[in-house]
Amino acid sequence: MTTNSTAPTTGARLIDGSGGRRWRLRAVPDLDAFEGAEWPRLISVLLANRGVRSIEEATAYLGEPGELTDPALMPDLDIAVERLQRACTEGETVAVLGDFDVDGLTSTTILSEGLRELGAQPLPYIPDRFSEGYGPNPQAVRTLHAQGASVLVTADCGTSALREVELANELGMDVIVIDHHTVPDQLPDALALVNPKLAGSQYGSEPAAVGVAHKVVDHLYERAGRDGSPEEHRALVALGTVCDLAPMLGENRDLVRIGLHALRRSKRPGLRALAGVARVDLGEADPDTCGWQLGPRLNAAGRMAHASTALDLLLTDDEDEARRLAAELDRLNHERREETTAALDLAAGLLTPEQLAAPLLIVASEQISSGIVGLVAGRLVGAHHRPAIAIQIADGEGRASCRSIDAFDVTALLRRHDDLFLRYGGHRAAAGFSIEASRLPELRERLVADAAEHLTSEDLTPTIDVEAELPLAAVNGELLRRLQQLGPHGIGNPTPRFLARAVRILNNRAVGQDGSHLQFTLKENRVSWRAIAFGLAEHAVPDGEEADIVYTFSKDNFRGTLQLEVLDLRPAA
């Protein structure tokens, strides 16, 4: 079942929050379809907000993962599997060229392991971010051909690789593109384009590339008379899907639920070693473990050095080697944090007041590494609530990463000005491009003007969507259990946010290295909750006074208990 959380917010109420933010309290939806439901009324509200239309659908949504989507609906999957089956039968060398992020790394791992176990000779290859850039490139294609590859499989890239696929064809290689990126007007002449976003696709959901790769390999195992791909692959599907911010809808949500169970039991030396350096218990892995602990360390390799370190970690069977590689990734992650902080300080000095007031932020410098431009852009979006582009200038070329807000499709922006770019691509919320450095002034003028035409002041006002009012005194064990069944959360299935009025603030104190966070106890009648509010110290409500809060539930990793995460607060109205 595919659901959609983007139901109209007609009747929503806007409430002033702190620091210029607004709270948008959704109207209560029609709940007639849930009459007689066994769960609390609030759960029906949340289900209706996610497009669930009946008790039958709700029972399926809250229950165990159901049957996954028919692989026959995935474009070109049968063509790809038939060719790879022949490669396995004949022991051919199959090059697997993946992206350097977690989605690409997990896709490459699944494909390489599956092909090897079924008889082919996989040749995994991750391009160097700094010298080769994203996706296939002519030199890589020639190198892989020279090493004996008769089949080239791209993982999390390739949909826009027109000249590289043409070159591979000229060299006599069959090309299979496994991807999920936006489809351009002109497609490469590949043997198979396995991408659920192709025109006419009936697949019904938008898996990350690792979900597509898993579908291919799982079907390949079944063709070989096996039960399906190994459980360890399902763990990688969860990791890649969460880290790539794929919509948490339909099959994706089930893949992550299945994969998290596998991740908690994983015996893969690389994952266990990575959890060790991150100081997390893999046995309790959840989406936050993937997105905030494991994922950043895997990504650090490609951002700071070469992603092959992360790929080697995922592929190794040697526990000593896994510990060594995990320690190196942890070191690179610390380096990445320091470099990101320095780049943000640089960006703050480069952006003029006029540029900060524009509907689109663009910062370009030779001192911003191409490995962290995406992180810089993302932080600028978070700080200023408007689309942002961060660009590294090197050798006469700008390499950029774009991040956006919900109201703005950044890849559509690039498409409207595609004459500017040497190459570009991406999703609605994230994209990248390269451009001649001499055209950067033109880029700034055209893209800022375009954003001004498409964005309103309301779009640029930070707004927190609140699904329902939930007094702290109404929270009980049954409600918390049902709330957990709504997960895992992500795009399309957001973490529920609630409003509680007139709660008392106790034991209020600033925490964190820079004192920017708040830690306190919230009390309503006889109910007390420990709470944390990140980045809200400047909006603190005095100890002992009452506040209106927008909150969600989160795990206190230090104590291992549930706490409230306060997203915004203001003195009680």
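Residues numbered from 1 in each chain as written. Predicted model: local features only at pLDDT ≥ 70, side-chain atom pairs only at ≥ 80, totals over all residues. Heavy atoms only, no water.

Undergrad: I'd like a description of the sheet that holds strand β8 (residues 361-365), backed by residues and values.
TA: Taken in spatial order, the five strands line up as β8-β9-β10-β12-β11 in an open sheet, and their pairing is mixed. Each edge of the sheet is formed by a strand with only one pairing partner; in this case those strands are β8 and β11 (423-426). Neighbour-to-neighbour, the strand axes of this sheet turn through a mean angle of 15°, independent of strand direction. Across the sheet, helix α15 (residues 373-384) is in contact with β8, β9 (388-394) and β10 (397-403); its angle to β10 comes to roughly 45°. (Pairing = 2+ DSSP bridges. Helix = DSSP H or I, 4+ residues; strand = E, 2+ residues; numbered from the N terminus. Axes fitted to C-alpha atoms, helices over the stretch in contact; angles between N-to-C directions. Contact = heavy atoms within 4.5 Å.)

Undergrad: Describe the sheet that holds strand β6 (residues 174-178), naming the residues involved and giving the relevant values.
TA: Spatially, five strands are ordered β4-β3-β5-β6-β7 in an open sheet, and the strand pairing comes out parallel. With partners counted over all chains shown, the strands left at the sheet margins are β4 (121-125) and β7 (192-194), one partner each. Between one strand and the next, the sheet's axes are offset by a mean angle of 20°, whatever the strand orientation. Of the pairings in the sheet, the one linking strand β3 (residues 93-98) to strand β5 (residues 149-155) comprises six bridges and is parallel in character. When the bridges of β5 are listed, L97 appears paired with T154. Packing against the sheet, helix α5 (residues 138-146) makes contact with β3, β4 and β5, and its axis sits at approximately 140° to β5.

Undergrad: Before we move on, can you summarise the pattern of salt bridges with the specific residues and values?
TA: Counted under the stated rule, the structure contains 34 salt bridges. One salt bridge in this structure joins E38 and R482, with 3.2 Å as the shortest N-O distance. Within this pair, whereas E38 is found in the loop between β2 (22-25) and α1 (41-49), its partner R482 is found in helix α18 (residues 477-485), the two being separated by 444 residues in sequence. Judged by its relative accessible area of 63%, E38 falls in the exposed class. Between E117 and R226 there is a salt bridge whose closest N-O contact spans 2.4 Å. Of this pair, E117 sits in helix α4 (residues 102-117) while R226 sits in the loop between α7 (209-223) and α8 (231-243), and the two are 109 residues apart along the sequence. On the accessibility criterion, E117 (44% relative accessible area) is partly exposed. For R226, a relative accessible area of 35% puts it in the partly exposed group. (Salt bridge = Lys/Arg side-chain N within 4 Å of Asp/Glu carboxyl O. Buried < 20%, exposed > 50% of the residue type's maximum accessible area, 1.4 Å probe, protein only.)

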